[in-house]
Structure formats: structure tokens, C-alpha cells
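A look at the structure
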Amino acid sequence: HDDYDFASMQEKWQASWDELKPFSTATADDTRPRKYVLDMFPYPSGDLHMGHAEAYALGDVIARYWRQQGFNVLHPIGWDSFGLPAENAAIKRGIDPRAWTYENIEQQKRSMKLYAASFDWDRVLHTSDPEYYKWNQWLFLKMYEKGLAYRKASWVNWCPNDQTVLANEQVVDGVCERCGATAEKKKLTQWYFKITDYADRLLDDLNQLEGSWPSKVIAMQRNWIGRSIGAEVDFEVEGREEKVAVFTTRPDTLYGATFMVVAPDSDLAAELVAGSSDAVKQEFASYLTAVQKTSEIDRQDAAREKTGVFLDRFAVNPVNGERLPIWAADYVLSDYGTGAIMAVPAHDQRDLDFALKFGLPVRVVVDTNAAVTGAIPVIETDENGDPVLPELPSLDPAVTGEALGGEGRMMNSGPLDGLSKANAIKRVTAQLEEAGTGRSARNYRLRDWLISRQRYWGTPIPIIHAEDGSMVPVPEDQLPVTLPPSEGLDLKPKGSSPLGAAEDWVNVPNPVDGSPARRDPDTMDTFVDSSWYFLRFLNPHDDTQAFDPKEAEKWAPVDQYVGGVTHAILHLLYARFITKVLYDLGYVSFTEPFSALLNQGMVLMDGSAMSKSKGNIVQLSEQLALHGVDAVRLTMAFAGPPEDDIDWADVSPHASAKFLARAWRLASDVTSAPDVLWKTGDVGLRRVTHRFLADAPKLIESFKFNVVVARLMELVNATRKAIDGAPGGSDAAVREATETVALGLSLFAPYTAEDMWERLGHPAPVALAGWRKADPVLLVEQSVTAVVQVDGKVRDKLEVSPTIDPAELERLALATAGAIRSIAGREVVNVIVRAPKIVSISTRG
Ligand code: ANZ
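Named according to an unreviewed UniProt entry, the protein is Leucine--tRNA ligase originating from Homoserinimonas aerilata. UniProt, in the comment section headed Subcellular location (unreviewed entry), describes the protein in these words: "Cytoplasm". Check the Catalytic activity (unreviewed entry) section of the UniProt entry for the protein; it says "tRNA(Leu) + L-leucine + ATP = L-leucyl-tRNA(Leu) + AMP + diphosphate".

Set out below in C-alpha cells:
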């Protein structure tokens, strides 16, 4: 029975954990400090894959570590179970999305239990359960009350394949992030969450996360929110009552504006062209059709050939009364700033390209030479002794085709002449403000979050539309609005929600007066579900509230969040936003949901991501059957820093299994009793053990899991040596080392560790056994003796650290009394250092 048999071990300990529930979070009266460790919850699409296996192995190291350090740990799991994958699979197979979803959840649960992920199985939640999505609806109503949920008609991203709208965050490089179809634009009335009200806070609070979130994620969020600071300037338009405002980051260049451009797909363009000739109207109409087929990405591509239509309308520059022709061009976007710009071709490359193509004037208003001449000192003189001025290249943008973006002094700008850029911006903004024709302004790339979807498998929006077109929120005591059964509904994507056809469901009396009314047929983006789920884990079955603020006070925010970098913007931005909303509503006392974030890398195969089309998918279930759970988990942790990708072709789960068997055998070779006298036994082995006990916590807390595994291997080797040679398996130090191996392994290879612990005579589980403190006496570094030779003769000796730096050793050696005496002022021609043992000095003369 002395064979390492992972299959029977897995069976045995799973049964024991099911019964003992060692990973349940302790209840209210527990006085230990708390840690909330959260893994991003999965979509139930199919069984777990290698990517899940990596993420859950790493998250579990952290959860198990804090338990071992004496913390009461909350480590929950749930399923993000609404959404398109279930609905599309159900349509394909002609079954109910529910059936598909909950079957997959059961399969994934079984796999997670087999995988020994130390979750609290009493707190499982599924976002597709009415007991969960009721609270999405509650959240929606709270936001609606505050004006943070609203409906508007706007150009939206549309996935022609999934036949539903997409949030901006769900269009990645111009395509639907789910299915890869090229996103289109449609004008539709949709529900939005007003995330733009929170843009400044979402940006500024990123500073708090610096150092505990990956800097890459912080940078991506900053860039996505994209704050620009500048001014709005009002231009009169001939023949129009109202002025047109433009947004500019360079109000200093106002005197250099030579034309105005409006977005062709803006309401303003439509209105302006209505006052033009039929010829202009026609040209504009065909241009607009072409623009609507152009992707956002292309429109923002600065290198693209400029196109546009002159609208035969004119604006008036508020500072000098100049008449500026108004053009429509697609490089100006309708949903950024005001959808209109003042074009300053001399100093903006896009405007210059446009001006040169359409023969519009270019006027330089910043003398960038002024900066250059000041910066280059005059060093040469001609034959008359006059300074030779550096020959400057022609800086006329109309000639070079290069806009002048740099610093300089204002020119051709009336009262601004001679000022620097910063001062000119201040001066002109103040003047505009005084004249009532402008104001300082900021703009964001961030758009409001479009949350309505024309699909079945999601949370129904709790709004009722009255006959007169007014909207009535579903009263809170009538929540949840549950989804009707899918039988009889055509779920196929067709651009409007399938729920609209569920007559019994959609027709309801108006809650206000009982008159006939209809439910809103749309469902919510599933990113609403995941924006607050970390709070629901605190009491997932409470049917009186979304979460208990007192529990939130105790547990939240999440101490350590673990998941893929694919959520760098979408999910993490939305969760940060909703947390701030809940803060403003008084439900939580913190403003950031996740205090620390770890992004694991991807699992690759032969250098590329696994995919069906490449045929390079490694099945997790096969790996587990072949090598055992512990070997796969250990391989994930040992492969390298967690942020790095793991190429499964480069790692060896087989070697991991061999190592685990070797570690496990130590437990059978320990012959001393569990209550052996501590602080005795082989000092050499004890030093290795205690070094490990001292170093492992710091290494785990800085996510150097691979280093901890390497150190465990070292400890296993040292222990094996001690057992096979002197002092043998009965030595107290051998028991101490082997128990330490079990404690260390319990983070990575829980089955093996549990089995060792039992063999060592302890009651299970090792998962709840505390970490041991290193004995400081054993940590004091030993010293070694270094000899100092001069011209071949030993002249002195030094006691130094075994890890001394060679340069340091050389310095010490040259300073010894023996060396100084025997060098006796001669020239030192060579010093050979063999740290930490010998320094050999040669002299001449
Ligand atoms: C005049 C100007 C002169 C500009 C100059 C730049 C340089 P960011 O930094 O991205 O905020 N702009 C404003 N609204 C726009 C829209 N809807 N579509 C396309 N471009 C738009 O850029 C702000 C600058 O982008 C604004 O400042 C405006 O051009 C342009 F030497 O105004 B600027």
C-alpha cells in the first residue's frame, strides 16, 4: 500500500471535505482577522478548461495561505450564468437555456470539487436564479430613482450576428467581443447607466490602487476614461439663432481657426444642411450613407485619406469676427465633445491634411521657431565677427505638410501675441468667459453604459410602459419580475426582444391606475450581474436585501481579486462604478471594490492560445486523469510568475507527479512519534526547514509561488538525504522537516498534503493547521573563514558570510592588518577573489 495513488487519495479526501466542510467561512462570533479572497466567477459554458485550472489553482494558493496564517477566510464561488453563450447553445440544440445552463453548472461544480478548490460551498450563487436577479432589478430601480438609469435614442453599436446592441466596452478593435462580427451603428432607443457622471472619480481613485493593481490595468482604465482638459468656444452661425459650441484642448490657437467641421452623423449637420441648396443636400446625403458604413476605428485612423462635404454655411470666430466655412467630415465624431470642432490646420495634423486636400487656408499662430532659436546657443561667427544664425528648416506647414504641434510663442493672435501656450490658454479662456462666448471644459472618451439587450436569457428590466408612453417602475414589492418560460417563444435573434412576444407576460396592468400597459421587453447586459456579485456572496440567500451592509462592513472590499486580464476594462470598470453608486446611496462605506488584483497569464500550447480551429486544445479532464489533480495544480504554480503565460508544451506535469510521490514517501519514512521533542535533531536539516518557514510567507504574499515550490523541492531533497543517511528517519528534525513539507504542499497539492499529514499521525485536515514560526536562532547565517594571501603566503584570516559579494570581500581583505603589513607599500598588480574562501594578492617592487 506504499504506492502514491492519486486517484484513491482524491476520492478519500473529497468525501472527507464534503462532510467536514473545512472551507466554510466562520460565522459572526469568530474573532480572527478576516480576508476576502475572490476568484472571478465563470460562465457555465461547457466544462472547466485549462485557463480555469490555472486561475483557480493560483487563487486557491492565496485563500489557503491566509487560512494557514490564522485568518477567517471568505473564498466563495458562483456562476455568471445569464448571457449569450447559453442562449445561442439553446437555440442551436432547440432546448431551454435553463437546462443547458444548469447542466453545465453541475458539471463545473463537480470538476471544481475534484480540483480541490477550497470554496465555501454553502454560498454558491447563480446570477440566473430569480433570488439573484431580483436584486439586479432592485439596483436598476435605485439607479432609476437617482437619474442614473435613463433611456435615450442614440447611435449604438450593433452586432449583426447576435442581433443585439453592444456597450462601447464590448466592441474590441471594431468587432463584437463575443462573436467577432464587425460591429455596425444603428439609431435606437436604449437604456443607459450614467457612468459618465463618475468619470472623474473613476479616474482619480485609480491612484489609490497604484501598487496593488497591475500597472497595465490601471493604465488601460485611465486611457479608456480618457479625460481631456480644454475649453468650449461658442461660434455664431449665420442664419441660425443658437450658437454652435466646439470643444478644443487648444483654445490658444483660436486665431488660427480657418474653418469649422461638424460630424456628418450629428443632428447639427442635418440641421445645417437643411438650410443649404439641393445640390449640397444631395452630396451630403450620399456622403452620410458612406459614413454610416465606416467603422469607428477607421474614422479615428489619423492616416486615412480625408473626405468631407462643404455645407455652404458659415460660422463667425468670436475673437476676430472672421467668417469660417462649415464642412462635414467623418474624422469628427458625433459623440465626442460637442460633435463640432474649430479646425486649426497649422497646428493639428488632421485639420492640416483636410485643409491641404480641399484648398483651405493655413495660418500659423504659434511661432515654434521662437522656442528653437532660444534653445540653440550661438557658437559660430562669420568673417565679420557676426553670429551665424542656425539655418532653420522651413516650418510652413502648408509647405511641409507637417502641423506644428510643439511649444512656442503666440503670433498672429492679437492680444495673445508673445505669450507661451500655457499663458495663452489661461488668457483666452478668461476672455471668453468674460465675453460669455466660452468656458473651460473637460471631456471624456468614456461613454454612458448601454445596458439593454434584445435577448431572452437575462434580467428583465423592471419598467412598465403605460399607454401614454410614460414609464412606471415596477413597485419594489413586486420584484422579481421573473422571466417567462422559453417554450413557445422564438429565441432566434431578430433585433427585438423575444420577450415582446410573450403576451401573457408582457401585458400587465399599469401599477398606477390599472390601465393596460406593457413590460419593457429588454433584458440587462450581464455585466450588470457581475458588477456587484462580490457583495451578494456575503449572504447569498437573503431574500430581504441585496446584501447586508453590516456584513459588507466586515468583509468588503475584496482583499484579493484574482482573474484574467481580459476584464481589465469591462467588468472591473463597471464594478468600480457600481461600488461608487452604492457608496453614494449609503449602502457601503468604501469606494473601491477590489483592494488588490492579480491577473494570471494564459495557458498556451506550442506558443499560441488554444483553439478549436488550431486543434491544439489540451483537455483539463484528460490531464487530471493522467497526472492527478495535485500534479496539475503544482505545475500551474511552478511554471513561472503567475502573470506570465504558461506554455503547456514546456512544462511537465509528469515531473510534478514524481516530485509529489517523493514528498509523500517521506511521511512513511518518519519513524518518530508525533509528540517528538521539538528543538532537537539534526541542525543542518533544521536550518533548511526554518529558512523555508521564514521565507515562504513573504514569497507567497508577493505571488512568487514558483519560488516557494522550488524551495519545497530543496527541503524534500534535504529530508530524503537525512533519512537515507545520518541521522535517519527517527530523528526529530526529520519529522519537523516532513511536517513542514506537508504544510507547504497544502497550498499547492492539497490531496498529497492531507495524506501525508494523516500518515504523520495528525488529525485532518492539514488545510486548517497553522503555519509554524521559524526559530530565529536557526536563521542566523553561518560564517565561513576566508584566507588572505599575499604573494602566495597566508597573511591573515576573515570571518565572512557564505554569500559575501566578491568586491566586498576584496575590500575587506586589502584592509586586514596582515595584508597591509606584508604589502608594505609595494604596488598591488593583481587580486584574485574566490568568494567566500580565498583572496590572493600579487605585488611588484
Ligand atoms: C482645435 C485644436 C488645435 C485642436 C490644435 C487640437 C490641436 P482629445 O485630446 O482627444 O480630447 N476634437 C474635438 N472634438 C472632436 C470630435 N468630436 N471628433 C474629432 N475631433 C475632435 O482631442 C481634443 C481635440 O480634438 C480638440 O482640440 C479638437 O481639435 C478635436 F492645434 O481644437 B482641437
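On we go.
**Some words on the side chain of Lys142**
Tracing the sequence through the fold places Lys142 in helix α5 (residues 130-145). According to the relative accessible area criterion, Lys142 is buried, its value standing at 13%. Once you skip the residues sitting within four places of it in the chain, Lys142 turns out to touch Glu476, Leu585 and Tyr587.

**Quick notes on the pairing of strand β33 (residues 827-834)**
As judged from the seven bridges shared by β33 and strand β34 (residues 838-844), these two strands associate in the antiparallel manner. Looking at the pairing, Asn830 lines up with Ser842 of β34. Taken together, β33 and the strand that follows it, β34, pair antiparallel across an intervening segment of three residues.

**Section: the pairing of strand β27 (residues 597-600)**
Here is the key point about a regular strand: its side chains alternate between the two faces of the sheet. The alternating pattern of β27 places Leu597 and Asn599 on one face and Leu598 and Gln600 on the opposite face, and all of these are buried. Sheet topology places strand β26 (residues 560-564) next to β27; four bridges connect them, and they run parallel. The partner of Gly563 across the bridge, within β27, is Asn599. For the handedness criterion, the β-α-β arrangement of β26, helix α20 (residues 570-584) and β27 is classed as right-handed.

**Looking at the UniProt feature "short sequence motif: 'HIGH' region" (unreviewed entry) in the protein**
Taking the numbering used here, the UniProt-annotated feature "short sequence motif: 'HIGH' region" (unreviewed entry) corresponds to residues 42-52. Summarising residues 42-52: 27% helix, 0% strand, and an end-to-end C-alpha distance of 8 Å.

**Section: the packing of helix α3 (residues 84-93) against helix α4 (residues 97-114)**
Two elements in contact, α3 and α4, have axes whose closest approach is 8 Å; the angle formed by their N-to-C orientations is 120°. In terms of axis orientation, α3 runs oblique to α4. Like other packed secondary-structure pairs, α3 and α4 cross with a definite hand, here right-handed. From α3, Pro85, Ala86, Ala89, Ala90 and Arg93 reach across to α4, where they touch Pro97, Trp100 and Thr101.

**Topic: the site of the ligand**
In the vicinity of the ligand lie 16 residues, with Ser228, Thr248, Leu333, Tyr336 and His347 positioned nearest. The side chain of Thr248 places a nitrogen or oxygen atom 2.7 Å from an oxygen atom of the ligand. Summarising the interface, the protein chains cover 83% of the accessible area of the ligand, which totals 640 Å² for the free molecule. At the level of elements, β11 (244-248) and β15 (340-343) are the ones that each hand at least two residues to the shell around the ligand. Partitioned by chemical class, the residues of the shell around the ligand number eight nonpolar, five polar and three charged.

Thresholds, definitions, all that
- Residues numbered from 1 in each chain as written.
- Predicted model: local features only at pLDDT ≥ 70, side-chain atom pairs only at ≥ 80, totals over all residues.
- Heavy atoms only, no water.
- UniProt positions renumbered as here; feature names shortened; annotations may be inferred.
- Helix = DSSP H or I, 4+ residues; strand = E, 2+ residues; numbered from the N terminus.
- Buried < 20%, exposed > 50% of the residue type's maximum accessible area, 1.4 Å probe, protein only.
- Contact = heavy atoms within 4.5 Å.
- Pairing = 2+ DSSP bridges.
- Right-handed = clockwise from strand over helix to strand, strands pointing away.
- Axes fitted to C-alpha atoms, helices over the stretch in contact; angles between N-to-C directions.
- Parallel < 35°, antiparallel > 145°, perpendicular 65-115°, else oblique.
- Left-handed = near helix turned anticlockwise from the far one by under 90°.
- Near = heavy atom within 4 Å.
- Polar contact = N/O pair within 3.5 Å; in protein donor to acceptor, adjacent residues only side chain to side chain.
- Areas by Shrake-Rupley, 256 points an atom, 1.4 Å probe, with all protein chains shown as cover.
- Nonpolar A, V, L, I, M, F, W, Y, C, P; charged D, E, K, R; others polar.

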